[in-house]
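Chains, contacts and geometry: an overview
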Amino acid sequence: MKSIQEVNMDLLHMLFEWKRKEGNMIRFSIEMVQNRWILSFFSIDFLEKDKHIFASFVGKTHDELKHWALDRLVEYKMSEKNLVI
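Residues numbered from 1 in each chain as written. Predicted model: local features only at pLDDT ≥ 70, side-chain atom pairs only at ≥ 80, totals over all residues. Heavy atoms only, no water.

**Concerning the environment of asparagine 8**
The topology assignment puts asparagine 8 in helix H1 (residues 4-21). Judged by its relative accessible area of 40%, asparagine 8 falls in the partly exposed class. For the pair asparagine 8 and valine 58, spaced 50 residues apart in sequence, the C-alpha to C-alpha distance is 14 Å. (Helix = DSSP H or I, 4+ residues; strand = E, 2+ residues; numbered from the N terminus. Buried < 20%, exposed > 50% of the residue type's maximum accessible area, 1.4 Å probe, protein only.)

**Some points on the packing of aromatic side chains**
Aromatic ring pairs are reported here in terms of the distance separating the ring centres and the angle at which the planes meet. Taken as a whole and assessed by the stated rule, the structure comprises 8 aromatic pairs. Where phenylalanine 16 meets phenylalanine 41, the ring centres are 5.2 Å apart and the plane angle is 70°; that geometry is what we call edge-to-face. Highlighted residues: phenylalanine 16 in helix H1 and phenylalanine 41 in strand S2 (residues 36-44), separated in sequence by 25 residues. For the residue pair phenylalanine 16 and phenylalanine 41, the accessibility class agrees, reading buried in each case. Taken together, the aromatic side chains of Phe16, Phe28, Phe41, Phe54, Phe57, Trp68 and Tyr76 make up a single cluster linked through ring pairs. Seen from the ring of tryptophan 18, lysine 19 lies directly overhead, with NZ or CZ sitting 4.0 Å from the centre. Above the plane of the ring of phenylalanine 42 lies lysine 51, whose end atom (NZ or CZ) is 4.6 Å from the centre. (Phe/Tyr/Trp six-rings, centres within 6.5 Å; stacked < 30°, edge-to-face > 60°. Lys NZ or Arg CZ within 6 Å of the ring centre and 35° of its normal.)

**Quick notes on the nonpolar core**
Ranked by size, the top nonpolar core spans 11 residues in total: Leu12, Phe16, Ile26, Ile30, Leu39, Phe41, Phe54, Ala55, Leu65, Ala69 and Tyr76. Where this core is concerned, the elements lending two or more residues are H1, strand S1 (25-33), S2, strand S3 (51-59) and helix H2 (62-84). Sort the elements by how many residues they give to this core and H2 lands first, with 3 residues. With near-sequence residues (within four places) excluded, leucine 39 lies in contact with Phe28, Ser29, Ile30, Ala55, Ser56, Phe57, Leu65, Trp68 and Ala69. (Core = buried A, V, L, I, M, F, W, Y, C linked by side-chain atoms within 4.5 Å. Contact = heavy atoms within 4.5 Å.)

Structure, rendered in structure tokens:
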């Protein structure tokens with residue numbers, strides 16, 4: 001049985017895949033909101049130029065969230081490459 005954290009990462013990867021299949025770019029931003037650091041993953045549709053926030057997380061520091069977000073994106077890209085091989 002998977003842990004809650006593993007299931008959450010699977011869901012995040014599914015969201016990344018969904019957005020990629022729609023042809024959207026995936027980006028993230030980190031902002032201080034009411035004394036809390038918030039990481040938001042969002043997608044950009046080139047035709048509409050709108051961004052769609054599809055996942056948000058709270059963290060202790062900007063650097064912690066930045067490293068965590070980059071790790072998630074690298075994990076996704078690596079799993080994507082493994083599926084192609």
